[in-house]
Amino acid sequence: MPRTLIAPSILSADFATLGAEVSAIAAAGADMIHIDVMDGHFVPNLTIGPAVIKALRPYATLPFDVHLMIAPVDPMISAFRDAGADIITAHPEAGPHLHRTLQAIKASGARAGVSLNPGTPIEAIDNVLDLVDLILIMSVNPGFGGQSFIESQLAKIEAARARIDRTGRDIILEVDGGITPETARRAVSAGATALVAGTAVFKDGPARYGANIAALRGA
Ligand code: DX5
Ligand code: ZN
């Protein structure tokens, strides 16, 4: 089995030294940099936009895994691609036309992801799988770091795994929210191939990033 990809969410990083934080998690063994973009409208929090992503781009060569929690999402896709996003993930509710949104992401040259909130059924991806490079299962309601893993999402991870296997394509199955070594183990058992983690990676400061990432990967 290929090793689990770890995508630290910089939402839990020190925003006053974000460039150094990105370099530090890259050096500590991260596989992707997960960037949570929130608009204070689609989700009840406001974070960063394309200008910050562009400023961070020189600090790591790793893929930038950009999770857009913004609506409407389509008008902003090219700005995030131009800023340096390698993977752009959108929510079905934010398009509002998911197929068109994924087409636009692919047309931008980025890899395309679709993210399902805890309350969004797995069937939401059934008619767009051919356009998808990544499925992001939210194991918390989007908006904030530091929440607890929602158990009911394990069945959705399994359902996504079955769908991916049927395609025969190498679609990344990523899980986001409340990931600890314990929930990491369960998410991977359910079929996840990538884990987003904010709190669990950034806790206890830069000297611990390597050990924190290793603990998730080995779980
Ligand atoms: C929540 C974000 C997550 C979040 C994860 O809306 O999408 O990426 O930062 O944070 P933890 O790992 O602390 O749950
Ligand atoms: Zn996220």
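Placed above this text is the structure.
Described below are features of the structure shown in this document. Keep in mind it's a predicted model, so treat the numbers as computed, not measured. For every chain, the first residue of the written sequence is number 1, and numbering continues from 1 onward in sequence order. Each chain takes a letter, starting from A, and each ligand takes a number, starting from 1, following the order in which they are written. A pLDDT threshold of at least 70 governs which residues receive local features in this predicted model, and a stricter bar of 80 or more applies before side-chain atom pairs are shown or counted, although totals over entire chains, interfaces and linings include all residues. Calculation of side-chain values draws on the structure's entire complement of heavy atoms; hydrogens and water are dropped beforehand.

It is worth spelling out the nonpolar core at this point. The tendency in soluble globular proteins is for nonpolar side chains to be buried side by side. Among the nonpolar cores identified, the biggest contains 68 residues, and Ile10 and Ile135 are the most heavily contacted of them. By definition in these notes, contact holds between two residues if any of their heavy atoms fall within 4.5 Å. For isoleucine 10, the contacting residues outside a window of four places in its chain are Phe15, Leu18, Val22, Ile25, Ile33, His34, Ile35, Ile48, Leu56 and Phe202. Remark: nonpolar core denotes a set of buried residues (Ala, Val, Leu, Ile, Met, Phe, Trp, Tyr, Cys) joined through side-chain atoms within 4.5 Å. Exposure is judged per residue with a 1.4 Å probe applied to protein chains only, and the accessible area is read against the type maximum: over 50% gives exposed, under 20% gives buried, and values in between give partly exposed. Core analysis: the second largest hydrophobic core is formed by ten residues, Ile87, Met138, Val140 and Ala194 among them.

Moving on: the pairing of strand S7 (residues 172–176). Along any regular strand the residues' side chains alternate between the sheet's two faces. Extensive coverage of S7 is indicated by the burial of five of its five residues. Helical segments are the DSSP runs of H or I of at least four residues, strand segments are the runs of E of at least two, and each set is numbered from the N terminus. Every second residue of S7 is oriented toward a common face, with Ile172, Glu174 and Asp176 on one face and Leu173 and Val175 on the other, all of them buried. DSSP calls a pair of strands paired once it identifies at least 2 bridges connecting them. Pairing between strand S6 (residues 134–138) and S7: five bridges, direction parallel. Across the sheet, residue leucine 134 finds its bridge partner in S7, namely isoleucine 172. Where the polypeptide runs from S6 across helix H5 (residues 153–167) and back to S7, its parallel neighbour, the crossover connection is right-handed. In this structure, S7 lies alongside strand S8 (residues 194–197), joined through three bridges in parallel fashion. Bridging across to S8, aspartate 176 finds its partner in valine 196. When the strands point away from the viewer and the connection leading from the first strand across the helix to the second strand turns clockwise, the crossover is called right-handed. Where the polypeptide runs from S7 across helix H6 (residues 181–190) and back to S8, its parallel neighbour, the crossover connection is right-handed.

Pairing of aromatic rings covers Phe, Tyr and Trp, the last counted by its six-membered ring, and requires centre-to-centre distances within 6.5 Å; plane angles under 30 degrees mean stacked, over 60 mean edge-to-face, and any other angle means tilted. By the definition in use, this model includes one aromatic pair. Judged by centre distance (5.1 Å) and plane angle (75°), the ring pair of phenylalanine 202 and tyrosine 209 falls under edge-to-face. The buried category is assigned to tyrosine 209, whose relative accessible area is 2%. When the ring centre of phenylalanine 64 is taken as origin, the NZ or CZ atom of arginine 57, which lies over that ring, is 3.6 Å away. We call a charge positioned above a ring when the Lys NZ or Arg CZ atom is no farther than 6 Å from the ring centre and deviates by at most 35 degrees from the ring normal.

Moving on to the packing of H5 against H6. Each packed pair of helices is defined by two parameters, the angle between the axes and the distance between the axes. Lines fitted to C-alpha atoms define the axes, with helix axes restricted to the stretch in contact, and inter-axis angles between N-to-C directions lie between 0 and 180 degrees. Where H5 meets H6, the axes come as close as 8 Å, and the angle between the chain directions of the two elements is 35°. Together, Leu154, Ile157, Glu158 and Arg161 of H5 and Arg186, Ala187 and Ala190 of H6 make up the contact between the two elements. Gly falls in the polar group here, along with every residue not listed as nonpolar (Ala, Val, Leu, Ile, Met, Phe, Trp, Tyr, Cys, Pro) or charged (Asp, Glu, Lys, Arg). Of the residues in the contact of H5 with H6, the class split is four nonpolar, no polar and three charged.

Working reference: metal with six octahedral donors, ideal angles 90 or 180 degrees; metal with four tetrahedral donors, ideal angle 109.5 degrees. Because water is not among the atoms used, a metal site may look incomplete, as its donors are only the N, O and S atoms within 2.8 Å, or 3.2 Å for Na, K and Ca. Of the protein atoms, only His34 (NE2), Asp36 (OD), His67 (ND1) and Asp176 (OD) coordinate the zinc ion (ligand 2), at distances of 2.0 to 2.3 Å. Angle rules define the geometry names used: all angles between 85 and 135 degrees makes four donors tetrahedral, while opposite donors over 155 degrees apart and all other angles between 65 and 115 make four donors square planar and six octahedral, leaving every other case irregular. Metal-centred angles of 65 to 165° between the six donor atoms at the zinc ion (ligand 2) mark the site as octahedral. Read in sequence order, the donor residues for the zinc ion (ligand 2) give the motif H-x1-D-x30-H-x108-D. Taken together, the residues aspartate 36 in strand S2 (residues 33–38) and aspartate 176 in strand S7 connect sequence positions 140 residues apart. Considered together, aspartate 36 and aspartate 176 belong to a single accessibility category, that of buried residues.

A few words now on the environment of methionine 38. Take methionine 38: it is sitting in strand S2. As a C-alpha pair, methionine 38 and valine 175 span 137 residues in sequence and 18 Å in three-dimensional space. Setting aside chain neighbours within four positions, we find methionine 38 in contact with Leu11, Val43, Asn45, Leu46, Thr47, Met69, Ile70, Gly143 and Phe144.

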